[in-house]
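# Report on the structure
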Amino acid sequence: MGGEIKWYRSTVEEAFSLLESSGEGISEDEAELRLSKYGFNEVEIKKKHGPLYKFAKQFKSPLIYVLLAAAALTFFLDEYADTAVIMGVVLANAVIGFVQENKAEHALESLAKMMKPEATVLREGQRKIIPSRELVAGDVVTLEAGSRVPADMRIIFTRNMRIDESALTGESMAVEKVIDPIQKEDLPLGDQKNMAFGGTLITQGIGKGIVVSTGAFTEIGRISELIQQTKAINTPLLRTIDHLGKLLFMVIVVVSAFTFIIGKLQGFATLDIFLATVSLAVAAIPEGLPALITISLAIGVKTMASRNAIVRNLPSVETLGSATVICSDKTGTLTKNEMTVTEIFTLEGSFDVSGSGYIPQGQFFSHDRDIDPQAYPTLIGTLEAGVLCNDAYMREEGGIDGDPTEGALLVSGLKAGKFHLPRLDTIPFESELRLMATLNERENGTRLIYIKGSPEKIVELCSAQDDGNRISSIQPEFILDNASEMASRGLRVIGMAYKRVSYTQSTLHVSDLNDLVFLGLQGMIDPPREEVKTAIEKCKTAGIRVIMITGDHVLTAHSIAKQLGIRTYGALSGSDLDRMGDTQLKEQLETVSVFARTSPEDKSRIVRLLKEEGEVVAVTGDGINDAPALKGADIGIAMGRSGTEVAKEASDMVLADDNFASIVNAVEEGRDVYNKIQKVIMWTLPTNAAEGLAIMAAVLLGITNPPLLPLHILWINTVTAICLGVPIVFEPREENLLFRRPRDPEEPLLLPIIKRRIVTVALLMVTATFLLFFFQMENNSRDIMVAQTIALNTIVFFEIFYLFNSKSIHNNVFDRLVSNRAMLLGIAIVISLQLLITYNTYLNGILKTAPLEVFDWIIILCLSSSVFFIIEAEKYLMKKGRGIRGKISR
């Protein structure tokens, strides 16, 4: 109700009139009528799919179809072990996907939970406590510190009330609330100071408001609609795996059909050629590939968690590694979320203050020279005023309780010493006055009024100024020019003044606040995290652009961006974005990297346009307002400490320490994960292709007794997939991953170099195996089982030597042959198993193998090791070729 009206522009009387209410509220009958018409004050959640549907959906993949078909065929052929392995892989992937399903629904549930508390309302002048879900437009609600605002409302009364709206707006400071209408068009939420929004937290004071919107019509409700409208996206990895699955499906079907037709033309019996075709499909299908990819991602998840990045779904591990843009919040992510005084202006000079956050440790500087603050009377006076005219206090365990601005003033004073004068009376901060005042008494009986507030208000009340040596007439222009200069650098500026009064005065009134003596200005800022600047430099090196999107002021955001080294040509506000079409905004996005005073729609729009331009976008957020953008991004990153449950549920990853630097660490891990997945594919597909090609070649050549039996293929697949494939994912991270450009999100997993390796390695393995097989059969007239055992071991040792090649796709591996203990252990196990099936009489009977002579092993090792030297030579020549081309191009 009333969603189209700009309530902040209405007077209190107009709001009552439009809502047909009054200061005494509405009647119970009217409340019931409106409740039945507009519904409960809660976020509606769309009907969920049942668990069976969610589980069945996980099988929607071409590669899964191939694996299911292979499982059925192996079951038909009584190869139950192979069936079990394949089905285990399929079910493991389905369970993982099922667990990660429906994050958006969880986010909506969190939104709904935020609107369950009770509310105190006036109904026909009677004070009542009702469930907040029963609030309706027109209800008059009492607001007080410590409670959440239950619905969107127009403020009709306030006394020293401030509301933390960071969950909605990203604004780091609690907002002072006023009553007067604000006559501006399209005002951002953060500037609607006469409004209170559902789900925000009242930090101090009391007030009243008239409900203007409930449920889906509130700002929270509007965001929930955005979450529901935002489609879940496929990550780049899922898209490339899906493409690979379709490609493998087509290739295996075509090759199997071709083999079946050729076999029939050559006169093979239908059953024999059918079994051979099935064996080919089983050999060619990389049934271990999904499991190895899952293991790679799972290890990445564990490693990221140790570096404060907790991943909620596995594919997001790699997605972050391919990110080209990181859209980051300012407060708490790039900055510490701790206001800190950094500059002080007095008529004695300007001073810099070191230290950050709420730790009272730091030094004072003048013209880059360390100074003793006690030697500067007005500096001490300014610090003393900030400490005494202050309601914040230090906690014993560290940190402050109270308003962040007052906390910053308290800490800056404590850096110079302890100030304590008994307080006799106070005038609390009120937005109408724009100041706070206290009456304090010194030990000698002297009584002083200390005042702090906006520079304009303080100067207006001052008739004199103190320069440390004498009291002279106020120079308002000079003081306000300095205040403006400080504000232009993103500082929040607070003015200080004092007044001596009679030793008999014990109370304080607004009428006493005149003829003040100006002391100085304190400028504060939420300081950048020290490690973030280095992290942003790493992003530049890695080809990742950092964009700041915040609800804070434009000047503050731009100043922080400069300090952190974020490259930007100016800064745009939410109002600027509203005046731009998508085409114009895309042009601005090429050069502008700072966006301030933004709404949830603005953030989602920026993310959408970046993605339309082909960027892989990571988005950070902690508030309710961030949920749509988090869900719409390629990877959403929520804050673990300060983040709302809504943001966490809508995200793909949670930062345990709320630190941007942890994102950069996670980017490195993500790139390592993708690098390992490529290595897994680099090893798996050529070896599987070789096994399939061996069967296909036997059919094409009309060999009735092939070098490898279906049983041998099953053995090779089972042993090598576990003992050789799995160790690849434990390969140590390669250096300089952050010096590489982000990969193209549309880049296929089957890189040209991998396709070339598939052909090279498969042909080499099959050719060598067949030549050795025929040599044994023709020249030595040896038993067929001996020749087949030699062929079996030749294939396995080819895979072992090629495993070393797969330690790096492009670089030679001579210096890292023993860097992976898991790989060495896996190779030792495979060699032991091969010796076992070769020389154990019992296993000889089961697997149709036979003992070999020492000379046989020498031949096997010489032939199979050739793949290692050939591939390493190819890497060397390619690298040398790239170097020559680079010199020519320069």
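The text that follows walks through the structure, step by step, so that each part is easy to find. In every chain, residue numbers begin from 1 and rise along the written sequence. In keeping with the model being predicted, local features are shown solely for residues with a pLDDT of at least 70 and side-chain atom pairs are shown and tallied solely at 80 or more, while totals for entire chains, interfaces and linings include all residues. Heavy atoms from the whole structure form the basis of all side-chain values; hydrogens and water molecules are not counted.

### Here we look at the environment of H420
Mapped onto the secondary structure, H420 falls in the loop between α14 (404–414) and β16 (423–430). Residues H420 and L388, 32 residues apart in the sequence, show an inter-C-alpha distance of 7.0 Å. The way it works is that DSSP assigns letters per residue, a run of H or I at least four long becomes a helix, a run of E at least two long becomes a strand, and they are numbered from the N terminus.

### Some words on the pairing of strand β23 (residues 545–549)
Relative accessibility thresholds used throughout: buried, under 20% of the residue-type maximum; exposed, over 50%; partly exposed, between the two (1.4 Å probe, protein chains only). Counted residue by residue, β23 has four buried out of five residues, so it is predominantly covered. Should DSSP find at least two bridges between two strands, the strands are regarded as paired. Where strand β9 (residues 325–328) and β23 come together, four bridges link them in parallel fashion. By the bridge assignment for β23, C327 is matched with I547. Pairing analysis gives two bridges linking β23 to strand β25 (residues 594–596), with the strands arranged parallel. Bridge pairing in β25 links M548 to V594.

### Re the pattern of salt bridges
One side chain can pair with another of opposite charge once the charged atoms of both are near each other. The working definition used for a salt bridge is a side-chain nitrogen of Lys or Arg within 4 Å of a carboxyl oxygen of Asp or Glu. Here the structure, examined in full by the defined rule, presents 36 salt bridges. Between R123 and E28 there is a salt bridge; the shortest N-O distance is 3.2 Å. Of this pair, R123 sits in strand β1 (residues 118–123) while E28 sits in helix α2 (residues 28–38); the two residues are 95 residues apart in sequence, bridging distant segments of the chain. With a closest N to O distance of 2.9 Å, D329 and K603 form a salt bridge. Of this pair, D329 sits in the loop between β9 and β10 (340–346) while K603 is found in helix α21 (residues 600–612), placing the two residues 274 residues apart along the sequence. Side by side, D329 and K603 carry an identical accessibility label, which is buried.

### What to know about the side chain of S604
Within the element layout of this structure, S604 appears in helix α21. Classification of S604 by relative accessible area gives buried; the value is 19%.

### Some remarks on the sheet that holds β23
Strand order in the open sheet formed by eight strands is β8-β28-β27-β26-β9-β23-β25-β24, and the pairing between neighbours is mixed. The sheet is open, and its two borders are formed by β8 (309–311) and β24 (572–573), each paired with just one other strand. In terms of strand pairing, β24 meets β25 through two bridges, oriented parallel. Note on β25: the bridge partner recorded for L572 is F595. The contact criterion used is simple: two residues touch if any of their non-hydrogen atoms lie within 4.5 Å. Every axis in this analysis is a line fitted to C-alpha atoms, fitted for helices over the stretch in contact. Angles between the N-to-C directions lie between 0 and 180 degrees. Against the sheet, α21 contacts β9, β23, β25 and β26 (617–621), and its axis sits at roughly 165 degrees relative to β26.

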